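So the chains spell out like this:
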Amino acid sequence: MKRALVIGGTGFVGLNLVDALLAGGWEVRVPVRRHSITLFLRSREVERVRVDFDEPDQLRGAMRGQDAVFMAAGHYPRYSLDPAREIARGVEQTRAVANAALRADVPGLVYTSSTGSLAHVEGRAVDEGDVPPRRPEGSTYRAVKWAMEREVERFVGRGLRVVTMIPSGCVGPWDARVGTGRLIVGVVRGELPFWVDGTVDLVDVADVARAHVEAARMGAAGARYCLGGHAVRVSDLLTTVRARYGGALPEPIPLAEARERADREEREAATRRGRVAVPRELVDLVEHGQPVSSAAAARDLGFVARPLEASLDRAHAWFESQGYLRTPKGRDACSRPPMDAAPARSS
Amino acid sequence: MLETPDGRRSRTIELIAEILEVQVDTVRPPQRLREDLGLDSLQSLELLSLLGEELRLELPMEEALELETVEDACAFVERTVAANA
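A short tour of the structure in this document, coming up. The shown structure was predicted, so the numbers you read here are calculated from the model rather than taken from an experiment. (Residues numbered from 1 in each chain as written. Chains lettered and ligands numbered in written order. Predicted model: local features only at pLDDT ≥ 70, side-chain atom pairs only at ≥ 80, totals over all residues. Heavy atoms only, no water.)

**Describing the environment of Val110 of chain A**
Here is step 1 of the chain: Along the polypeptide, Val110 of chain A turns up in strand β5 (residues 109–112).
Here is step 2 of the chain: Considering only alpha carbons, one finds Val110 of chain A and Val213 of chain A, 103 residues apart in sequence, at a separation of 8.7 Å. (Helix = DSSP H or I, 4+ residues; strand = E, 2+ residues; numbered from the N terminus.)

**Comments concerning the nonpolar core**
A general tendency of soluble globular proteins is for nonpolar side chains to be buried together.
Here is step 1 of the chain: Counting 103 residues, the largest nonpolar core has Leu21, Phe40, Phe70, Met165 and Leu237 of chain A together with Ile16 and Leu45 of chain B as its most contacted members.
Here is step 2 of the chain: In contact with Leu237 of chain A, other than residues within four places in its own chain, are Leu183, Val200, Leu202, Val232, Leu308 and Leu312 of chain A.
Here is step 3 of the chain: In terms of nonpolar packing, the next biggest core, distinct from the first, is built from 29 residues, Leu59, Ala98, Tyr111 and Leu160 of chain A among them. (Core = buried A, V, L, I, M, F, W, Y, C linked by side-chain atoms within 4.5 Å. Buried < 20%, exposed > 50% of the residue type's maximum accessible area, 1.4 Å probe, protein only. Contact = heavy atoms within 4.5 Å.)

**Comments concerning the interface of chain A and chain B**
Here is step 1 of the chain: Listed per partner, the contact involves 25 residues of chain A and 28 residues of chain B.
Here is step 2 of the chain: Note on chain A versus chain B: buried area summed over both sides is about 2,400 Å², and carbon and sulfur give 44% of it.
Here is step 3 of the chain: One salt bridge in this structure joins Glu54 of chain B and Arg34 of chain A, with 3.4 Å as the shortest N-O distance.
Here is step 4 of the chain: Counting the contacts that link chain A with chain B gives 11 residue pairs in polar contact (both at pLDDT 80 or more).
Here is step 5 of the chain: A per-class count over the side of chain A that touches chain B returns nine nonpolar, seven polar and nine charged. (Buried area = accessible area lost by both parts, 1.4 Å probe. Salt bridge = Lys/Arg side-chain N within 4 Å of Asp/Glu carboxyl O. Polar contact = N/O pair within 3.5 Å; in protein donor to acceptor, adjacent residues only side chain to side chain. Nonpolar A, V, L, I, M, F, W, Y, C, P; charged D, E, K, R; others polar.)

**What about the sheet that holds strand β7 (residues 169–171) of chain A?**
Residue and element names in this part refer to chain A.
Here is step 1 of the chain: Spatial ordering of the open sheet is given by β7-β8-β10, a layout of three strands whose pairing is mixed. Whereas interior strands pair on both sides, the edge strands pair on one side only; in this sheet they are β7 and β10 (230–233). Taken pair by pair, the neighbouring strands of this sheet meet at an average axis angle of 45°, ignoring direction.
Here is step 2 of the chain: Bridging between strand β8 (residues 199–204) and β10 involves four bridges; their strand directions are antiparallel. Bridge pairing in β10 places Thr199 opposite Arg233.
Here is step 3 of the chain: Strands in contact with helix α7 (residues 234–245) are β8 and β10; relative to β10, the strand with the most contacts, it is inclined by about 90°. (Pairing = 2+ DSSP bridges. Axes fitted to C-alpha atoms, helices over the stretch in contact; angles between N-to-C directions.)

**A word on helix α9 (residues 280–287) of chain A**
Residue and element names in this part refer to chain A.
Here is step 1 of the chain: Most of α9 is tucked away: six of the eight residues are buried.
Here is step 2 of the chain: Taken together, the buried positions of α9 are occupied by Arg280, Glu281, Leu282, Val283, Asp284 and Val286.
Here is step 3 of the chain: Packing partners of the buried residues in α9 comprise α4 (140–156), α5 (182–188), β8, α7 and α8 (255–271).

**Remarks on the sheet that holds β5 of chain A**
All names here are of chain A.
Here is step 1 of the chain: In space, the seven strands of this open sheet follow the order β3-β2-β1-β4-β5-β6-β9, with parallel pairing throughout. At either margin of the open sheet sits one strand with a lone partner, and together these are β3 (47–50) and β9 (224–227). Going from strand to strand, the sheet's axes swing by 20° on average, the running direction of each strand aside.
Here is step 2 of the chain: Taken together, the three bridges between strand β1 (residues 3–7) and strand β2 (residues 27–32) define a ladder with parallel strand orientation. Paired with Arg3 across the two strands is Glu27, which belongs to β2.
Here is step 3 of the chain: Each of β1, β2, β3 and β4 (68–71) touches helix α2 (residues 56–63); the most contacted strand, β1, lies at about 145° to it.
Here is step 4 of the chain: Across the sheet, α4 touches β5, β6 (162–167) and β9, and the angle it forms with β6 is around 160°.

**Digging into the packing of aromatic side chains**
How two aromatic rings sit relative to each other is given by the distance of their centres and the angle of their planes.
Residue and element names in this part refer to chain A.
Here is step 1 of the chain: Inspection of every chain in the model, using the stated rule, returns seven aromatic pairs over all chains.
Here is step 2 of the chain: Three or more aromatic residues joined by ring pairs form one cluster here, namely Phe40, Trp174, Trp318, Phe319 and Tyr324.
Here is step 3 of the chain: Its end group placed over the ring of Phe53, Arg33 keeps NZ or CZ at 4.6 Å from the ring centre.
Here is step 4 of the chain: Lying over the aromatic face of Trp174, Arg44 brings its terminal NZ or CZ to 4.1 Å of the ring centre. (Phe/Tyr/Trp six-rings, centres within 6.5 Å; stacked < 30°, edge-to-face > 60°. Lys NZ or Arg CZ within 6 Å of the ring centre and 35° of its normal.)

This is the structure:
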């Protein structure tokens, strides 16, 4: 039986990756910290090990004897307010994992990045070869993802066998922190305070997870794979969500206003360490959204993206089953305070 | 400590304080988790995770969503322990 360490195995992509590995007959180990949300992991047949990521020996120890290490825990900045700090933190985290993998002599590291790290192209779908020569300006999220990718690439040159997976916006079950899923939860609960139109590419998280497993088996060292699904206009997506599951939708606002509003709400939220309904990172992803080509992943890994509606239905069913779609009584849709990041209490 | 109702109650309150990064004596049973203490949804998931790890219990999330006060959280722990005894 093959053994895998899934860093980030308590998160959205990570939990789906754990499921894909277990379905493929792998033995799975997940490093957890004291405050990791282990609630969903506990029901799975995995080994949980306590690891302090600031202790290289602990990380290296957790990697030893594994056939593959997956890093599905890339730093995801809560706010876009301090790019230098967020970039430094992401790079440091990536370096710690890659260093430990190199020293533990793991056969392969599968690293999860994001299409946010890619360049903008015109007239065709973006692919894994479209790497900006310099760090993207004007978006903390994109800059962090770009810098982390470059850091992990440095270790390819030092002999670490890395396969980089570059998914677009993931949709599906186990999105406990409500990432891309906020476009569903926000509409259904009538709590999306604003939105901006543009293009987004969405892909089912389970298809992404399976591609990761295939990458560990078949991906060549240094290979990079875009995992795109369906490029849609945000307006079409939100209208589809409302038509399928109900809810309410405010009018869109211009991009510049959306940027300003997201920044302002993040600044306010940061004073109480709270979360905002529409973070700046989401505005940036819509601004830079574009169709994504998965041709290389289809060719080498057999990647196939299921229909978007199927992914939306799966995500909606999960959010509903976990209580995320309950709306407090007695308040009008779209006039409520920004939605919290997770389930509502019923009242 | 976790083998008695009083011990579990104290530990539940300590964990709420730990997650909120406040002094434990500022967390009182009648307080509302969200409105009074500012526990957000992800912190609620964190609390369920920590309780699950320490008590070695699977805590039903559906029921956890109904919790309003610190007292509710303590009672929820006792109900779950009793159901798993």
